[in-house]
Amino acid sequence: MDLKNTARPLDGAAISAFLQSLPAKPSLLGLGEARHFVGELGEVRNELFRHLVEHEGYRSFAIESDCLMGLIVDDYLATGEGTLDDVMERGFSHSFGTSPANRELVRWMHAYNRQHDEKLRFHGFDGPLEYWAASPRQALTGLYDLLEGPLPCARETLDALLGPDDPWSNEATAMDASKSIGQSPNAQRLRLIADDMVALLDTQTPRLDAQTRERAHLYARTAVGLLRYHRYMAEDTPERWGRLSALRDTMMAANLRAIAAENPTLVFASNLHLQRHKSVMSFGDHRIDWWSAGAITETHLGDRYAFIASAFGTIANDTPPPETLEGALSKLPWDHSLINARHLAEAVPTPTPRVSNDFAYFPLDPTHITTIDAVLFLKEAVNLTPLG
């Protein structure tokens with residue numbers, strides 16, 4: 001099979017044709033990042049999202065960023081109040097607010113909402129965590145304030161059990177389980193209170209309007225997920241990192257299902273979080289594996305989930321060997337291409353895995369190429385932000 005005859009230059013027509021080739025129109029379309037902070041990919045993503053909004057009925061955008069911080073961006077889009085500078089500073093985690101492409105995306109969504117009755121939505125779908133985790137205060141108190149009594153405890157008791165935020169968000173807990181307070185008596189009691197509040201929310205759901213209900217359930221998912229994450233942060237076992245990685249992707253998947261239930265959504269995140277197969281990582285002397293958010297999400301959405309993985313040719317001065325998938329794709333005549341992943345596997349049946357000099361780039365894995373729906377290929381990635 002000739003690769004050039006099966007690939008297409010990336011444009012709106014290629015995206016629409018790709019969607020039409022799927023068994024069902026996806027309510028959640030994943031666009032994976034082979035590397036964070038690639039300026040060219042961010043620009044292509046913005047063009048793709050504009051096309052999805054204007055021609056395919058998509059109304060939401062989700063990004064691998066703190067789900068609670070994302071509320072700041074969504075409120076800005078809904079009300080028009082505030083400043084773009086403030087939203088970019090306070091509405092993103094993982095330094096994603098510094099991305100020029102993310103800034104342009106929020107600016108465009110804000111302008112769109114000022115001109116149209118049907119509004120666009122913005123969501124973070126990651127938990128409030130990195131390798132360590134934030135305090136569950138915002139989620140627990142936010143849920144508490146949306147419920148009617150009798151509640152499981154007094155507000156003063158909830159505040160006392162939470163205590164100061166610093167012990168919860170101590171970055172040292174990432175490598176030292178003994179520094180975690182996740183299995184303290186207060187933390188254990190908070191897990192029971194959170195469970196009781198989630199049950200109470202279920203009994204009160206009919207009285208809440210749609211916006212309040214959505215926010216309450218987000219607080220509930222986040223509170224339970226964070227307390228569960230903190231609990232395993234305090235457990236010093238060989239399985240610790242595998243469990244924590246799985247819990248993070250489980251939180252992501254739950255948020256994605258809720259987002260997709262409201263509107264057709266483009267989600268932008270690492271290929272590793274959106275892929276359908278198990279994630280595998282070496283961690284010290286241990287090999288850990290867990291199911292990604294994409295794999296979990298597909299078990300619920302089925303063919304209403306689709307995944308486009310990104311891949312790059314030359315990254316700065318790192319050029320792929322011709323026998324790799326990226327090397328074969330680099331021979332295409334277009335700067336940006338879209339190709340059905342099954343056709344790619346047929347056109348390049350025995351590729352050599354690429355090894356990149358850029359530790360932040362995750363090359364295409366030839367053994368899993370058919371678990372991807374399509375590959376978005378950039379022949380060159382120059383506008384890179386160093387990581388680490």
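Residues numbered from 1 in each chain as written. Predicted model: local features only at pLDDT ≥ 70, side-chain atom pairs only at ≥ 80, totals over all residues. Heavy atoms only, no water.

Asks: Sorry, what's going on with the overall build of the chain here?
Replies: Regarding its fold elements, the chain presents 15 helices and 10 strands. Taking 2.2 N^0.38 as the reference for a compact globule, 388 residues should give roughly 21 Å; the C-alpha atoms of the chain span a radius of gyration of 22 Å, in line with that estimate. Each principal axis of the C-alpha distribution contributes one length, and for the chain these read about 70 × 55 × 40 Å. Taking the contacts inside the chain whose residues are at least 6 apart along the sequence as the reference set, 78% of them involve residues at least 24 apart. Total accessible area on the chain is roughly 17,200 Å²; 50% of this is exposed by carbon and sulfur atoms. Here the chain contributes 36 positively and 52 negatively charged side chains, and the mean placements of these two sets differ by 3 Å. (Helix = DSSP H or I, 4+ residues; strand = E, 2+ residues; numbered from the N terminus. Rg over C-alpha atoms; globule rule 2.2 N^0.38 Å. Contact = heavy atoms within 4.5 Å. Areas by Shrake-Rupley, 256 points an atom, 1.4 Å probe, with all protein chains shown as cover. Lys, Arg positive; Asp, Glu negative; His and termini not counted. Charge placed at Lys NZ, Arg CZ, Asp CG, Glu CD.)

Asks: What exactly am I supposed to notice about the nonpolar core here?
Replies: The tendency in soluble globular proteins is for nonpolar side chains to be buried side by side. Formed by 81 residues in total, the largest nonpolar core has its most connected members in Leu344, Leu364 and Leu376. Looking at this core, the element that brings in the most residues is strand 8 (residues 305-315), giving eight residues. Among all residues touching Leu364, those that are not within four sequence positions of it are Ala309, Ser310, Ala311, Leu325, Glu326, Leu329, Leu344, Ile369, Ile372 and Val375. Residues Leu140, Tyr144, Leu162 and Leu227 belong to the second largest nonpolar core, which totals 27 residues. (Core = buried A, V, L, I, M, F, W, Y, C linked by side-chain atoms within 4.5 Å. Buried < 20%, exposed > 50% of the residue type's maximum accessible area, 1.4 Å probe, protein only.)

Asks: I tried to follow the sheet that holds strand 8 on my own but got confused; where do I start?
Replies: By way of backbone hydrogen bonds, the strands of a sheet pair with one another, either parallel or antiparallel. The sheet built from eight strands is open, its strands ordered 1-9-10-8-2-5-3-4 with mixed pairing. Of all the strands in the sheet, just strand 1 (7-9) and strand 4 (121-126) have a single pairing partner and so form its edges. The mean angle between the axes of side-by-side strands here comes to 25°, regardless of whether they run parallel or antiparallel. In the sheet, strand 2 (residues 28-33) pairs with strand 5 (residues 265-270) via six bridges, with the strands oriented parallel. Note on strand 5: the bridge partner recorded for Leu31 is Phe268. (Pairing = 2+ DSSP bridges. Axes fitted to C-alpha atoms, helices over the stretch in contact; angles between N-to-C directions.)

Asks: What's the story with the pattern of salt bridges in this structure? I'm lost.
Replies: Side chains that carry opposite charge are capable of pairing whenever their charged atoms lie near each other. Summed over all chains, the structure comprises 23 salt bridges. The residue Arg248 makes a salt bridge to Asp126 at a minimum N-O spacing of 2.5 Å. With a gap of 122 residues between them, Arg248 in helix 11 (residues 240-262) and Asp126 in strand 4 connect regions that are remote in the sequence. For Glu235, the salt bridge identified is with Arg231, shortest N-O distance 2.8 Å. Taken together, the salt bridges that share partners define one network made up of Arg137, Asp145, Arg155, Asp159 and Asp165. (Salt bridge = Lys/Arg side-chain N within 4 Å of Asp/Glu carboxyl O.)

Asks: Could you clarify how one ought to interpret the side chain of Arg354 in this entry?
Replies: Tracing the sequence through the fold places Arg354 in the loop between helix 15 (341-347) and strand 10 (374-381). Residue Arg354 is classed as buried on the basis of its relative accessible area of 6%. Here Phe312 takes part through its backbone oxygen, which lies 2.8 Å from a polar atom of the side chain of Arg354. Within the local environment of Arg354, its side chain forms a polar contact with the backbone oxygen of Gly313, the two atoms lying 2.9 Å apart. The contacts of Arg354, once residues within four sequence positions are left out, are Phe312, Gly313, Ile315, Asp318, Thr319, Pro320, Thr324, Glu326, Tyr361 and Pro363. (Polar contact = N/O pair within 3.5 Å; in protein donor to acceptor, adjacent residues only side chain to side chain.)

Asks: Could you clarify how one ought to interpret the pairing of strand 3 (residues 60-66) in this entry?
Replies: In terms of burial, strand 3 is largely enclosed, as seven of its seven residues are buried. Here four bridges tie strand 3 to strand 5, and the two strands are oriented parallel to one another. For Ile63, the partnering residue across the bridge sits in strand 5 and is Phe268.

Asks: Any chance you could explain the environment of His94 here in plain terms?
Replies: Its location among the elements puts His94 in the loop between helix 5 (84-90) and helix 6 (100-115). His94 gets classed as partly exposed once you look at its relative accessible area, which sits at 24%. In this structure the C-alpha to C-alpha distance between His94 and Leu151, which are 57 residues apart in sequence, comes to 35 Å. Beyond its immediate sequence surroundings of up to four residues, His94 is in contact with Phe37, Glu64, Ser65, Asp126, Leu129, Glu130 and Arg248. A distance of 3.1 Å separates the side chain of His94 from the side chain of Glu130, its partner in a polar contact.

Asks: How should I be thinking about the packing of aromatic side chains in this particular structure?
Replies: Two measures describe an aromatic ring pair: the distance that separates the ring centres and the angle between the ring planes. Within this structure, the stated rule accounts for eight aromatic pairs. Summarising the aromatic geometry, the rings of Phe92 and Phe122 are spaced 5.4 Å apart at their centres and angled 70° between planes, so their arrangement reads as edge-to-face. Of this pair, Phe92 sits in the loop between helix 5 and helix 6 while Phe122 sits in strand 4, placing them 30 residues apart in sequence. Phe122 shares its class with Phe92; the two are buried. The interplanar angle of 75° and the centroid separation of 5.7 Å between the aromatic rings of Tyr131 and Trp241 together place this pair among those described as edge-to-face. Taken together, the residues span a long stretch of sequence, with Tyr131 in the loop between strand 4 and helix 7 (137-146) and Trp241 in helix 11 at a distance of 110 residues. An aromatic cluster is present here, built from Phe49, Phe61, Phe92, Trp108, Tyr112 and Phe122 joined pairwise through their rings. In this structure, Arg45 is placed above the aromatic ring of Phe268, and the distance from its NZ or CZ to the ring centre is 4.7 Å. (Phe/Tyr/Trp six-rings, centres within 6.5 Å; stacked < 30°, edge-to-face > 60°. Lys NZ or Arg CZ within 6 Å of the ring centre and 35° of its normal.)

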